[in-house]
Amino acid sequence: MPNISSVSEFLLLAFADTRELQLLHFALFLGIYLAALLGNGLILSAVACHHRLHTPMYFFLLNLALLDLGCISTTLPKAMANALWDTRAISYIGCAAQVLFFVFFFGSEFFLLTVMAYDCYVAICQPLHYGSLLGSRACAQMAAAAWGSGFLNAVLHTANTFSLPFCQGNAVDQFFCEIAQILKLSCSVAYLREVGALVFSFSLAFGCFVFIVVSYVQIFRAVLQMPSEQGRHKAFSTCLPHLAMVFLFLSTSTFAYLKPASISSPSLDLVVSLLYSVVPPALNPLIYSMRNQELKVARHPMALPSTALCC
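So, a few notes on the structure that sits alongside this text. Everything numeric in this text was worked out from a predicted model, so none of it was measured.

1. As for the overall build of the chain
Then step 1. Summing up its helical and strand segments, the chain has eleven helices and two strands in all.
Then step 2. Going from N to C terminus, the chain has its helices and strands arranged as β-α-α-β-α-α-α-α-α-α-α-α-α.
Then step 3. Within the span of the chain, comprising 311 residues, buried residues form 45% of the whole.
Then step 4. Sequence separation of 24 or more characterises 76% of the internal contacts of the chain that already satisfy a separation of 6 or more.
Then step 5. About 14,600 Å² of surface is accessible on the chain, with carbon and sulfur atoms providing 70% of the total.

2. Focus: the packing of helix α2 (residues 56-85) against helix α5 (residues 136-161)
Then step 1. Between α2 and α5, the shortest axis-to-axis distance is 10 Å and the interhelical angle comes to 20 degrees. Put simply, α2 runs roughly parallel to α5. Along this stretch, α2 crosses α5, giving a crossing that reads as right-handed. On α5, the residues touching P56, F59, F60, N63, L66 and L67 of α2 are C139, A140, M142, A143 and W147.
Then step 2. Here the contact of α2 with α5 is built from residues that sort into ten nonpolar, one polar and no charged.

3. Focus: the state of the cysteines
Here, disulfide denotes a covalent bond that connects the sulfur atoms of two cysteines.
Then step 1. According to the stated counting rule, one finds one disulfide in the structure shown.
Then step 2. A sulfur-sulfur separation of 2.1 Å characterises the disulfide bridge that pairs C95 with C177. An S-S torsion of about -130 degrees defines the bridge between C95 and C177 as left-handed. Linking C95 in helix α3 (residues 92-125) with C177 in the loop between α5 and α6 (179-183), this pair joins segments that are 82 residues apart in sequence.
Then step 3. The class for C177 is buried, based on a relative accessible area of 2%.

4. Focus on the packing of α2 against helix α10 (residues 279-288)
Then step 1. Two elements in contact, α2 and α10, have axes separated by 9 Å at closest approach and are oriented at 155 degrees. One finds that α2 runs roughly antiparallel with respect to α10. α10 is crossed by α2, and the crossing has left-handed handedness. Across from L61, L64, D68, C71 and I72 in α2, the residues of α10 making contact are P280, P281, N284 and Y288.

5. As for a nonpolar patch on the surface
Then step 1. Taken together, the side chains of L30, L34 and L37 make up a nonpolar region of the molecular surface, amounting to roughly 220 Å² of accessible area.
Then step 2. By secondary structure assignment, the location of L37 is in helix α1 (residues 19-49).

6. A closer look at helix α9 (residues 266-277)
Then step 1. Here α9 contains twelve residues, and its C-alpha end-to-end distance of 16 Å stays within 8% of the 16 Å for a straight helix at 1.5 Å per residue.
Then step 2. Turning to α9, its buried residues number three or more, namely D269, L270, V272, S273, Y276 and S277.

7. Remarks on the layout of surface pockets
Then step 1. The computed volume of the second largest pocket comes to approximately 380 Å³.
Then step 2. Along the wall of the second largest pocket there are 23 residues; nearest its centre are V103, F106, G107, N153 and S201.
Then step 3. Elements with a minimum of two residues in the lining of the second largest pocket: α3, α5, α7 (191-224) and α8 (229-258).
Then step 4. Taken together, the residues of the lining of the second largest pocket break down into 17 nonpolar, six polar and no charged.

8. Side note on the side chain of S108
Then step 1. Within the element layout of this structure, S108 appears in helix α3.
Then step 2. Owing to a relative accessible area of 0%, S108 belongs among the buried residues under this scheme.
Then step 3. Ignoring anything within four residues of it in the chain, the contact list for S108 reads L67, V103, A146, W147, G150 and F151.

9. Things to note about the environment of K78
Then step 1. Within the fold, K78 resides in helix α2.
Then step 2. Counting along the chain gives 97 residues from K78 to F175, while the straight-line C-alpha distance between them is 8.7 Å.
Then step 3. Setting aside chain neighbours within four positions, we find K78 in contact with L12, A89, I90 and Q98.

Reading the values: the criteria
Residues numbered from 1 in each chain as written. Predicted model: local features only at pLDDT ≥ 70, side-chain atom pairs only at ≥ 80, totals over all residues. Heavy atoms only, no water. Helix = DSSP H or I, 4+ residues; strand = E, 2+ residues; numbered from the N terminus. Buried < 20%, exposed > 50% of the residue type's maximum accessible area, 1.4 Å probe, protein only. Contact = heavy atoms within 4.5 Å. Areas by Shrake-Rupley, 256 points an atom, 1.4 Å probe, with all protein chains shown as cover. Axes fitted to C-alpha atoms, helices over the stretch in contact; angles between N-to-C directions. Parallel < 35°, antiparallel > 145°, perpendicular 65-115°, else oblique. Left-handed = near helix turned anticlockwise from the far one by under 90°. Nonpolar A, V, L, I, M, F, W, Y, C, P; charged D, E, K, R; others polar. Disulfide = S-S within 2.5 Å. Patch = residues over 30% accessible without salt bridge, like charges linked within 9 Å, V, L, I, M, F, W, Y side chains within 5 Å. Salt bridge = Lys/Arg side-chain N within 4 Å of Asp/Glu carboxyl O. Expected span 1.5 Å × (residues − 1). 1 Å grid on protein atoms, 1.4 Å probe; cavity = no way out; pocket = protein on both sides within 12 Å on 5 of 7 lines; lining within 4 Å. Points joined across faces, edges and corners; volume = space filled by probe spheres on them.

Structure below.
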């Protein structure tokens, strides 16, 4: 029976069988990747180069842009290379590294989104305590906690997954090394250990989601009491997309890992994985910055300054 030592590489899912469609997928992914690089790169340069953006909100936004770049750079370049060179192979070490970095960036991002919801809650609901609760040291500690938690979570899942023996072949039914698909290749009951770790991680993510929802309930209650209709409109138009992205982020990843086997199919798994691994890093710059007047001012120095919302 082949075991883990006999697996030297994995075969990723091919997007198409014909060369023309492979090149089309390459061009599509290249466009998405370049858009993500441009959008997140603009956020990084704007926050780093403009002193007036050195505030807690933009500090967290800078961290989010870094995580988005890491997340999408872990999956899309390899998928584009495979489509361009008409191959499916990824080395065993490369697959393990992809799992490690993807889970690291992905987990850290969701923890950071929770921190950003807290930042918005304090700014709107407790503005008099904002400076004391979100000083520079507190912000650095919360960001470090998000990155550190994501890294520990990634090490746990990577170690559990690649300590398993594989005897069901080496074909991964996904365009990147996804834990849920790799577990299907295992023939050992030890895979239940990783399943338990996944359930724990999603329980923790659900707790973060509940915290975000409760925070925004309090935020909306405070916003509805604002006397200015324009202020209420800006708050809702900025915060609702954030909630929508958090919901997409969590619901699609939860569905990918916890869906019943009876409804699983390669095409459905592919669509779901694209929704949670590619769409958020590409859309986050649009959601969090393109509606933000402070960043518009940073990109266009001649524009008149205005005040941005915290969300």
